[in-house]
Amino acid sequence: MVAVRNIVLLLLSITVVAPIVLYTDRLGTFEPPSDKQEFVEDVTTHAFSAADSRHLNLLPQETSTTVKEPVRVVYTEEDSINRRNFPRGLQLVKSREHLSARVLSTTDEDQTKKENPIKLVTGGIRQGNQVGGSLEKGDGTGENVNGEVAIDVDGNDGKLARSTSLSTQDPQIKEQPTEPSSKAKQKGSRLSETNKHNDQTPSDYRVKQLKDQLIQAKVFLSLPVVKSNPHLTRELRLRVKDVSRTLGDASKDSELPRNANERIKAMEQTLMKGKQAQDDCAAVVKKLRAMLHSTEEQLHVLKKQTLFLTQLTAKTLPKGLHCLPLRLTTEYHNMNSSEQEFPNQENLEEPQLYHYAIFSDNILATAVVVNSTVTNAKDASKHVFHIVTDRLNYAAMRMWFLVNPPGKATIQVQNIEDFTWLNSSYSPVLKQLGSQSMIDYYFKAHRATSDSNLKFRNPKYLSILNHLRFYLPEIFPKLNKVLFLDDDIVVQKDLTDLWSIDLKGNVNGAVETCGESFHRFDRYLNFSHPLIAKNFDPHACGWAYGMNIFDLVEWKRQNITEVYHNWQNLNRDRQLWKLGTLPPGLITFWKRTFPLNRSWHVLGLGYNPNVDHKDIEQSAVVHYNGNMKPWLEISIPKFRSYWTKYVDYNHLYLRECNINP
């Protein structure tokens, strides 16, 4: 019995102790498994050899017999990434289930140095086969591991993030739960901003693409290698016609026809054939330079034509403004003589009132000046408007203000032909305007095309109305001060304070315009002439005609009209300055001009679209100096409303002459 008992105990001890010894030999030391090591212990029951290493989703594999756990999970993101921004060829078939995205980093520093995970991934992509948008990579056994790989390019740092789907063929492999870190959240926000930026394509992206394709096609058609290929030449010409027809006058993608994308793709294929046929880069560069030079020449010609046409338009009287004086003249001569007189004529020579001088042959423009001044005046009854026009428009101008009296203000309309004292024997400018050299300058065609200063050919310089501003004391002998207004201005505030400004012994009060270099004396006067260089400063500030307060008492005392006549006689051959009234005005009132505050007068609305809106709103007078007058179609649209607000387009005469805003 004792022997049997010993045998039973021996067998029991063997069955109990043997598994413990065997387990200890395998693991070396035993530690109770933690939650974090549970995944590792399940995986370590499967041995992996270096010879039979199956890559999981292109990730670098360790060659040891045990698989180490992932040290760090960067972020988890559902498969909601906008794959439109992924590089072509990496857009894969969308998985039926949401995928967990993670980046695994190995704990083996030596392994990291030897094998860059990004290089392994990109290398695997190059070696893999892309079929129907899915990526397959063969392993050593010839089997495929299917997965979904998405590479995002971060616009800020250029780093790559891999989105993988691990195969769960072995039921013992468990998925590790992940939580996004703060760094991953920041990266995700940068990624979404990049996607939004990429979605905001320019509105003319395809239009520019079509234009670029046309240029490339024209370059290929001009090269000898392509010309020797009839089939390619025909195809290129056909594509050029199609693209040109598709492009048309479109300036935005929304204006293109529906087949624009098809035309773009067709042209791309044809251009690819052209690139394959042409391998001489030097010839292409030479052709592009020739095209650039030709385009610059065409641009230069078009600029000259634009300048000429703009000047021509500025000289041309619109049909409506031609109709208006004819209609008014007819009505004026049908009136009785007793009805042709203006009221309050006793105010015309009253020096205590506020007197304005307007010299113009444009009825509608003059009406806006008067209407805007009266509308903004505190007491219209104290304002007197002296209008001087030519014989052709005299009756029409009187008729307009008889039918449309400016409230309580006083109106006087005079005919320049009645100024018998103003003749060629008295005025040098009248004598010069009638000379043969002046006629040749204005009316000979070959001179018109060769002269770069086309603006000086405007007929207004031939009109004595334009030079009448130098004869204010002769026109108003009983007045002390007169405010001169051009017919292309609009008054926005009450101007009565101008009469109380102390000009400090000066004759002219004006706003200086030397903020820019072209408003200084050297812009208008010929300083290469010794007479000009000796008497004037080329950097002196210019000033603006258009709203000027003149002290007629000082004018007479300093004999300003005689100063003007002397300089006009010296400029009979136009060597001191070109035509116009500002250059002789700068000379005549040299050191006799008092600078007014800039808020009184803002200029540039007839040529400069960048005039500050705040300056316009704060200014007492806005001036449409330049060719783009507010009554012309070429006017600057955003400035027209300041002028049109003082025109009643429902007026009978305006409707009959088809004058519209």
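All of the points below concern the structure found in this document.

Analysis parameters
- Residues numbered from 1 in each chain as written.
- Predicted model: local features only at pLDDT ≥ 70, side-chain atom pairs only at ≥ 80, totals over all residues.
- Heavy atoms only, no water.
- Phe/Tyr/Trp six-rings, centres within 6.5 Å; stacked < 30°, edge-to-face > 60°.
- Helix = DSSP H or I, 4+ residues; strand = E, 2+ residues; numbered from the N terminus.
- Buried < 20%, exposed > 50% of the residue type's maximum accessible area, 1.4 Å probe, protein only.
- Pairing = 2+ DSSP bridges.
- Axes fitted to C-alpha atoms, helices over the stretch in contact; angles between N-to-C directions.
- Core = buried A, V, L, I, M, F, W, Y, C linked by side-chain atoms within 4.5 Å.
- Contact = heavy atoms within 4.5 Å.
- Disulfide = S-S within 2.5 Å.

**Notes on the packing of aromatic side chains**
Throughout the structure, instances matching the rule amount to 22 aromatic pairs. Judged by centre distance (4.7 Å) and plane angle (10°), the ring pair of Y356 and F385 falls under stacked. Of this pair, Y356 sits in strand β6 (residues 354-359) while F385 sits in strand β7 (residues 383-389), and the two are 29 residues apart along the sequence. Here Y356 falls in the buried class, since its relative accessible area comes to 0%. Both rings, one in F359 and one in F484, keep their centres 5.9 Å apart while their planes meet at 50°; by these two values the pair is tilted. On the criterion of sequence distance, the pair formed by F359 in strand β6 and F484 in strand β9 (residues 481-485) is long-range, its members being 125 residues apart. For the residue pair F359 and F484, the accessibility class agrees, reading buried in each case.

**A look at the sheet that holds β7**
A sheet is described by the order of its strands in space; here seven strands give the open sequence β8-β7-β6-β9-β12-β11-β13, paired in mixed fashion. In this open sheet, the two strands that pair with only one neighbour each are β8 (410-415) and β13 (593-595). Within this sheet the neighbouring strands show an average axis-to-axis angle of 25°, counted without direction. Pairing of strand β11 (residues 508-510) with strand β12 (residues 547-551) involves two bridges; the strand directions are antiparallel.

**A few points about the pairing of β6**
Of all six residues in β6, five are buried; the element is thus mostly enclosed. Bridge count for β6 against β7 is six bridges, and the pairing is parallel. Across the sheet, residue F359 finds its bridge partner in β7, namely V388. Two elements, β6 and β9, share two bridges in a ladder whose sense is parallel. Across the sheet, Y356 pairs through a bridge with L483, a residue of β9.

**Regarding the nonpolar core**
With 66 residues, the main nonpolar core has L324 and L495 as its most contacted residues. Sort the elements by how many residues they give to this core and helix α12 (residues 363-375) lands first, with eight residues. When neighbours within four sequence positions are excluded, L324 is seen to be in contact with I363, L364, W400, Y653, L654, C657 and I659. With 42 residues, the next largest nonpolar core counts I416, L479, I532 and W555 among its residues.

**Digging into the pairing of β9**
Where burial is concerned, most of β9 is hidden: five out of the five residues are buried. Every second residue of β9 is oriented toward a common face, with K481, L483 and L485 on one face and V482 and F484 on the other, all of them buried. One ladder, built from five bridges, connects β9 with β12; its direction is antiparallel. Bridged to L485 within β12 is M547.

**Structural notes on the state of the cysteines**
What makes a disulfide is a covalent bond joining the sulfur atoms belonging to two cysteines. A complete count under the given rule lists two disulfides for this structure. Across the disulfide, C323 is cross-linked to C657 (sulfur-sulfur distance 2.1 Å). Linking C323 and C657, the disulfide has an S-S dihedral of approximately -70° and is accordingly described as left-handed. Here C657 lies in the segment after α25 (652-656) and C323 lies in helix α11 (residues 319-333), a separation of 334 residues in the sequence. A relative accessible area of 7% means that C657 is categorised as buried. Linked covalently through their sulfurs, C514 and C541 form a disulfide whose S-S length is 1.7 Å. Of note, the bridge from C514 to C541 carries an S-S torsion of about 65° and is right-handed in sense. Separated by 27 residues along the polypeptide, C514 in the loop between β11 and α18 (521-524) and C541 in the loop between α19 (530-535) and β12 bring together distant segments of the chain. According to the relative accessible area criterion, C514 is buried, its value standing at 13%.

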